[in-house]
Structure formats: C-alpha cells, structure tokens
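Coordinate analysis (summary)
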Amino acid sequence: MNPLIAPESNAHHAAGGRCALSVNVNKVALLRNTRHLGIPSVLRAAEACLLAGAQGITVHPRPDARHVRTQDVHDLAELLRRDWPQVEYNIEGNPTQNLMDYVRELRPHQVTFVPDSEDQFTSDHGWQFPADMARLKPLVAEAQALGVRVSLFMDPTPEAMAYVAELGADRVELYTETYASTHGTARQAEVLAGFTRTAQAALAVGLGVNAGHDLNRDNLADFLRAVPGVQEVSIGHALIADALELGYTETVREYQRCIQKAYA
Ligand SMILES: CC(=O)[C@@H](O)[C@H](O)COP(=O)(O)O
Ligand SMILES: NCC(=O)COP(=O)(O)O
C-alpha cells in the first residue's frame, strides 16, 4: 500500500464516511455514439449526477472505443479539475492495453485495473494470482509513483487479498455480478457471505474496499449492509437505465437513499 496516498478517499470523506457513489458514464457515451450529434452529452450527464450528490465519476475507455472515447476521458478530467476538485475521478481499464497513457497524462485520483480482453462483451472476471503478479507489479508502482491510487478488480476470493496487498495496491474492487445475479434468491445469503469474507480479508491486510458491476437500486443496500468497509461503489449500467426513466437528479438521489438505508 502506498503511504503517499491516503487510504481514505476525498469521495469517502465527502460521503461522510459512508460509501461514496461513483457514477460510471460509459452508457451515456454508448448512446451518444449511435449518431453524429453529440447527444446525450457525457459532460452534462456527469454534471447532473454531481449536482445531485454523486461523489465520483468513473469511465472505462475500452480499446475499441465502443462507448467512452479518449476525448471524453480528457474532457471529464478538465471538468472535474476546473469545477469539481473534491470529486474523485476513477479511470478503469486493462493496464497492459490503453489504460496507462491516461494515468500518465491525467493522473486521476484512482485507477482500477481490470483484466478485460480488447473485445470482451463486458467485464466478467478479476485478476488471477499468483499468475498475474509479475506483470502487474511494475504497473502498480508506476501509477502510485504518479500519485494515483490503485484498485484491482477482483472476484470475491478471500485468499487472493494477500496477493493484492503484496503487489502494493491500495484497494480492491469487488466484482459484484455473482451477488447481483443471486440477489433475492435462495443463494443470496451464501454468496453475500463470500463477499463479506473477502472484504474482511482485504481489510485485514490493509486494503480499501470498492465494489461494482450490476449493482442497482434493488440490491445496493443489502450489499452495503452486509459487506464491511466499502468506501466506493461505481455504478453505471443500471443507474443510467434508471435515469432514462427518472432523470439523472432523481436517480442519483434514489441511489444515495439506498446507500443511506444501508447505514440506518
Ligand atoms: C469493471 C466493470 O465492471 C465496469 O466498470 C465496466 O466499466 C463495465 O464495462 P461496460 O460498461 O463496457 O459494460
Ligand atoms: N466498476 C463497475 C462500474 O464502474 C460500473 O459497472 P456497471 O454498474 O455498469 O455494471
């Protein structure tokens, strides 16, 4: 863990010590890219979500530019630097592909390493240890030397947390699809217990805990109530889908209400 990077994030503080909400705007860009009209605007989406109380913005600029593109990443960095200095910028991607150029040029608050292939439909697995250790170690060190907090996208496997800590990463992002797909079923408690054990294992080795993928208004509070120490959830697909019906403002407020409910 990098002593130069405070374990407590600005966003976490801004959320009053509760879990911070980082809105992933990938899907706004996906819709925008289907015409050459520049609408819906990624910047306006980010601003509306921040005005409604989101504490962070997340993007995942994939190599095929299917949604968030390089210009979006730079424009968002400028918007946050100029108008929202207290808001965290989290850039996700595979550090062996196009991600590190963004880290070097923009130095976001956080970078989340995700082991996706270039043409992957969506993120669907975490890093594998010890196999991935050697190639990740210099990349973790490089990002941290630039003052960027490093989070690793991980499956809920408690025994992998020691490897993440050995790498020197600051946080893990728990890949929450298996939780989301079993929420409300007979397997919910069993699957959720695995996330709780993984978070406990991460905290025990000094790692911060983030979470994301397929979280939504229905499953968010149950997750945060059960899983200790979650500092940030990054939510995109379901939140943007909700915003198509409710608008950005009401949607972000509703997600913040879900987070509040978990701590009530
Ligand atoms: C890493 C992860 O689970 C998501 O952050 C990812 O950004 C989803 O990518 P798509 O929006 O391309 O499905
Ligand atoms: N890291 C998760 C993220 O940024 C958004 O994932 P999703 O809510 O679009 O599934």
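Residues numbered from 1 in each chain as written. Chains lettered and ligands numbered in written order. Predicted model: local features only at pLDDT ≥ 70, side-chain atom pairs only at ≥ 80, totals over all residues. Heavy atoms only, no water.

**Observations concerning the site of ligand 1**
Neighbouring ligand 1 are the residues Asn24, Asn26, Lys27, His60, Arg62, His67, Glu92, Val114, Thr122, Ser123, Phe153 and His213. Note that an oxygen atom of ligand 1 is positioned 2.8 Å from one of the side-chain N or O atoms of Asn26. His60 places a polar side-chain atom, nitrogen or oxygen, 3.0 Å from an oxygen atom of ligand 1. Burial of ligand 1 by the protein chains amounts to 91% of its free accessible area of 360 Å². The residue inventory of the shell around ligand 1, partitioned by class, reads two nonpolar, seven polar and three charged. (Near = heavy atom within 4 Å. Polar contact = N/O pair within 3.5 Å; in protein donor to acceptor, adjacent residues only side chain to side chain. Areas by Shrake-Rupley, 256 points an atom, 1.4 Å probe, with all protein chains shown as cover. Nonpolar A, V, L, I, M, F, W, Y, C, P; charged D, E, K, R; others polar.)

**Looking at helix α5 (residues 99-106)**
Each full turn of the α-helix corresponds to 3.6 residues, which orients residues three or four apart in the same direction. Those residues of α5 lying buried are Leu99, Met100, Tyr102 and Val103. Axial view of α5: buried residues confined to an arc of 155°, hence all on one face. Those residues of α5 hidden inside the fold are in contact with α4 (70-83), β3 (88-93), β4 (110-113) and α6 (133-145). The first or second residue beyond α5 is Arg107, which carries a positive phi of 40°. (Buried < 20%, exposed > 50% of the residue type's maximum accessible area, 1.4 Å probe, protein only. Helix = DSSP H or I, 4+ residues; strand = E, 2+ residues; numbered from the N terminus. Arc of directions from axis to C-beta. Contact = heavy atoms within 4.5 Å.)

**Overview of the UniProt feature "site: Transition state stabilizer" (unreviewed entry) in the protein**
Annotation from UniProt places "site: Transition state stabilizer" (unreviewed entry) at Glu173. Structurally, Glu173 is set in strand β6 (residues 171-175). Contact partners of Glu173, with chain neighbours within four places excluded, come to Glu92, Thr112, Ser151, Leu152, Phe153, Met154, Asn210, Ala211, Gly212 and Ser234. (UniProt positions renumbered as here; feature names shortened; annotations may be inferred.)

**Looking at the environment of Arg18**
With respect to the secondary-structure elements, Arg18 resides in the loop between α1 (10-14) and β1 (20-24). Since its relative accessible area comes to 26%, Arg18 is described here as partly exposed. As for Arg18 and Val227, which are separated by 209 residues in sequence, their C-alpha atoms are 12 Å apart.

**Examining the site of ligand 2**
Around ligand 2, the surrounding shell consists of Asn24, Thr58, Glu92, Glu173, Gly212, His213, Asp214, Ser234, Ile235, Gly236 and His237. The contact in question runs from a nitrogen atom of ligand 2 to an N or O atom on the side chain of Glu92, over 2.7 Å. Within the contact set of ligand 2, an oxygen atom lies 2.7 Å away from a backbone nitrogen or oxygen of Gly236. When ligand 2 is considered free in solution it has 300 Å² of accessible area, and contact with the protein chains removes 93% of it. When its residues are assigned to classes, the shell around ligand 2 shows one nonpolar, seven polar and three charged.

**Re the UniProt feature "binding site: 3-amino-2-oxopropyl phosphate" (unreviewed entry) in the protein**
Under the UniProt annotation, "binding site: 3-amino-2-oxopropyl phosphate" (unreviewed entry) lies at Asn24, Arg35, Asp214, Gly236 and His237. Across 214 residues, the annotated set is spatially dispersed, with a maximum C-alpha separation of 26.3 Å. By the secondary structure assignment, Asp214 is in the loop between β7 (208-212) and α10 (220-226). Sequence-distant contacts of Asp214, that is, excluding residues within four places in its chain, are made with Glu177, Ala180 and Asn219. Residue placement: Gly236 occurs in the loop between β8 (230-235) and α11 (237-246).

**Looking at the pairing of β4**
Burial along β4 is two-sided: Gln110 and Thr112 and Val111 and Phe113, pointing in opposite directions, are all buried. Where β3 and β4 come together, four bridges link them in parallel fashion. Along β4, the bridge assignment pairs Glu92 with Thr112. Handedness of the crossover joining β3 and β4 through α5 is recorded here as right-handed. In this structure, β4 lies alongside strand β5 (residues 149-154), joined through four bridges in parallel fashion. Bridge assignment links Thr112 to a residue of β5, and that residue is Ser151. (Pairing = 2+ DSSP bridges. Right-handed = clockwise from strand over helix to strand, strands pointing away.)

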